[in-house]
Amino acid sequence: MSDPVLSIRGLERTYTTGAGPLTVLRGVDLDVEPGEIVGLVGPSGSGKSSLLHAAGLLEHPNGGRILIEGRDCSDLSDRARTQVRLATIGFVYQFHHLLPEFSALDNVALPQMIAGASRRTARERAAVLLTELGLSQRMEHQPAQLSGGEQQRVAIARALSNRPRLLLADEPTGNLDPHTSAGVFESLYALAREEGVAAMVATHNFELARHMDRVFALKDGHLEPQRF
Ligand code: ADP
Ligand code: MG
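Values in this document were obtained by computation on a predicted structure and should not be read as measured data.

S.K.: Hey, could you run me through the sheet that holds strand E2 (residues 20-32) in this one?
M.R.: Across a sheet, paired strands are connected by hydrogen bonds in the backbone, their directions being either parallel or antiparallel. Ordered in space as E2-E1-E4-E5, the 4 strands form an open sheet in which the pairing is antiparallel. Strands with a single pairing partner mark the edges of an open sheet, and in this sheet they are E2 and strand E5 (71-72). Here strand E1 (residues 6-17) pairs with E2 via 10 bridges, running antiparallel. Paired with Thr17 across the two strands is Gly20, which belongs to E2. The sheet strands contacting helix H1 (residues 48-55) are E1, E2 and strand E4 (63-68), and the helix crosses E1 at an angle near 125°.

Right, dumping it as structure tokens:
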């Protein structure tokens, strides 16, 4: 058996606030297996982003360990953590964070070129991903020329461009109307499956979450398995 793509062990996160310490994660444990799509639900403020940021090695938790493909990354240098992140993890955020001056195609090609791919190879893969996401007619558009749903599709293609083993999505459809949201979500889900990437997707929309392999709710700093 291969290692889980992501193992979270005893994760704790406490913020210092004006009103005193605020503990949002109280010993979270989770394994995400290769190719598995896990949903993370919970109301605003329940700690979804805190969990994703720690899992993605973007922040240091106050306690616990994060293992990526069996490798404990908790005590690595920032530089080594960045390397793991670039090689293994793709992110999608609530707001797309695309580069405004670049076309959709270049937004998806650039991370690959930074990782060492030739311009041609990078653009070819970008075109494949964007086509999969229904954007074959939008590749030369800049982000401002795209709808919100289209922008998020480009962000999804960008996150998958370097073939990560783990996709972390933080309310990727949180800014979209319900109809657009469902479509984008379906695309993300289908493409993640096709690419065989493991994913953890935070959403406050239970309706969207129920299509995932497993769903957990963050409650009082712990993960509770959800049954539908
Ligand atoms: P969610 O993504 O589920 O909305 P977050 O992880 O963003 O939840 O936040 C959980 C709680 O932690 C919230 O009450 C939020 O205000 C608080 N919080 C998040 N980041 C910080 C921070 N850097 N400093 C202080 N409090 C924070
Ligand atoms: Mg959040």
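S.K.: What is the right way to look at the pattern of salt bridges in this model?
M.R.: Side-chain pairing between opposite charges can occur once the charged atoms of the two side chains come close. Inspection of the entire model under this criterion finds 14 salt bridges. Residue Arg165 is joined to Glu69 by a salt bridge in which the shortest nitrogen-to-oxygen separation is 3.0 Å. Here the residue Arg165 occupies a position in the loop between helix H5 (148-160) and strand E7 (166-170), and Glu69 occupies one in the loop between E4 and E5, the gap between them amounting to 96 residues. In this structure, Glu124 engages Arg120 in a salt bridge whose closest nitrogen and oxygen atoms are separated by 3.2 Å. Separated by 4 residues within a single helix, Glu124 and Arg120 lie in helix H4 (residues 119-132), roughly one turn from each other. Residue class for Glu124 comes out partly exposed when judged on its relative accessible area of 44%. Among the ionic contacts, a cluster of salt bridges with common partners joins Arg65, Asp72 and Asp75.

S.K.: What is the right way to read the environment of Ala104 from this model?
M.R.: Checked against the element boundaries, Ala104 lands in helix H3 (residues 104-114). Measuring from C-alpha to C-alpha, the distance between Ala104 and Glu140 comes to 6.0 Å, with 36 residues separating the pair along the chain.

S.K.: Please explain the sheet that holds strand E8 (residues 198-202) as it appears in this structure.
M.R.: Read across the open sheet, the 6 strands follow the order E6-E7-E8-E3-E9-E10; overall the sheet is mixed. Two strands lie at the open edges of the sheet, namely strand E6 (89-92) and strand E10 (222-225), each paired on one side alone. The sheet shows a mean angle of 20° between the axes of neighbouring strands, taken without regard to direction. As judged from the 5 bridges shared by E7 and E8, these two strands associate in the parallel manner.

S.K.: Sorry, what's going on with the pairing of E10 here?
M.R.: Note on strand geometry: in a regular strand, side chains alternate between the two faces of the sheet. Two strands pair when backbone bridges link them, and strand E9 (residues 214-219) and E10 are joined in this way by 4 bridges, in the antiparallel orientation. Considered in E10, the bridge of Ala217 is made with Glu224. What sits between the antiparallel neighbours E9 and E10 is a turn of 2 residues, in which Asp220 has the positive phi angle 50°.

S.K.: I would appreciate a short explanation of the side chain of Asp170 in the present structure.
M.R.: Looking at where Asp170 falls in the secondary structure, it is placed in strand E7. Comment: no salt bridge for buried Asp170; closest opposite-charge side chain is Lys48, at 6.4 Å. If we skip the residues at most four places from it in the chain, Asp170 touches Ser49, Leu52, His53, Val92, Tyr93, Gln94 and Ala202.

S.K.: How do you make sense of the layout of surface pockets when you look at a structure like this?
M.R.: Picture a little ball the size of a water molecule; that probe, rolled over the atoms, points out where space is still empty. Considered as a void within the structure, the largest pocket measures approximately 560 Å³ in volume. Looking at the largest pocket, it is lined by 19 residues, and the ones nearest its centre are Leu86, Ile89, Pro111, Arg158 and Asn162. At the level of elements, helix H2 (78-88), E6, H3 and H5 are the ones that each hand at least two residues to the lining of the largest pocket. Tallying contributions element by element places H3 first for the lining of the largest pocket, with 4 residues.

S.K.: Is there a simple way to think about H5 in this case?
M.R.: Within an α-helix, residues lying three or four positions from one another point in the same direction, as the helix has 3.6 residues per turn. Given a rise of 1.5 Å per residue, 13 residues ought to cover 18 Å, and the 19 Å separating the end C-alpha atoms of H5 matches this to within 8%. Of all the 13 residues making up H5, 12 are buried; the element is thus mostly covered by neighbouring parts of the structure. Within the span of H5, buried status applies to Gly149, Glu150, Gln151, Gln152, Arg153, Val154, Ala155, Ile156, Ala157, Arg158, Ala159 and Leu160. Where H5 is buried, its residues touch E6, H3, H4, E7 and helix H6 (178-195).

S.K.: Which parts of the structure should I look at to understand the packing of H4 against H5?
M.R.: The contact between H4 and H5 brings their axes to 9 Å, and the two run at 135°. Judged on the interaxial angle alone, H5 and H4 are oblique. Crossing of H4 against H5: the hand is right-handed. Contacts between H4 and H5 involve Arg125, Leu129 and Leu130 from the first element and Val154, Ala157 and Leu160 from the second.

Cut-off values and rules
- Residues numbered from 1 in each chain as written.
- Chains lettered and ligands numbered in written order.
- Predicted model: local features only at pLDDT ≥ 70, side-chain atom pairs only at ≥ 80, totals over all residues.
- Heavy atoms only, no water.
- Pairing = 2+ DSSP bridges.
- Helix = DSSP H or I, 4+ residues; strand = E, 2+ residues; numbered from the N terminus.
- Contact = heavy atoms within 4.5 Å.
- Axes fitted to C-alpha atoms, helices over the stretch in contact; angles between N-to-C directions.
- Salt bridge = Lys/Arg side-chain N within 4 Å of Asp/Glu carboxyl O.
- Buried < 20%, exposed > 50% of the residue type's maximum accessible area, 1.4 Å probe, protein only.
- Lys, Arg positive; Asp, Glu negative; His and termini not counted.
- 1 Å grid on protein atoms, 1.4 Å probe; cavity = no way out; pocket = protein on both sides within 12 Å on 5 of 7 lines; lining within 4 Å.
- Points joined across faces, edges and corners; volume = space filled by probe spheres on them.
- Expected span 1.5 Å × (residues − 1).
- Parallel < 35°, antiparallel > 145°, perpendicular 65-115°, else oblique.
- Left-handed = near helix turned anticlockwise from the far one by under 90°.

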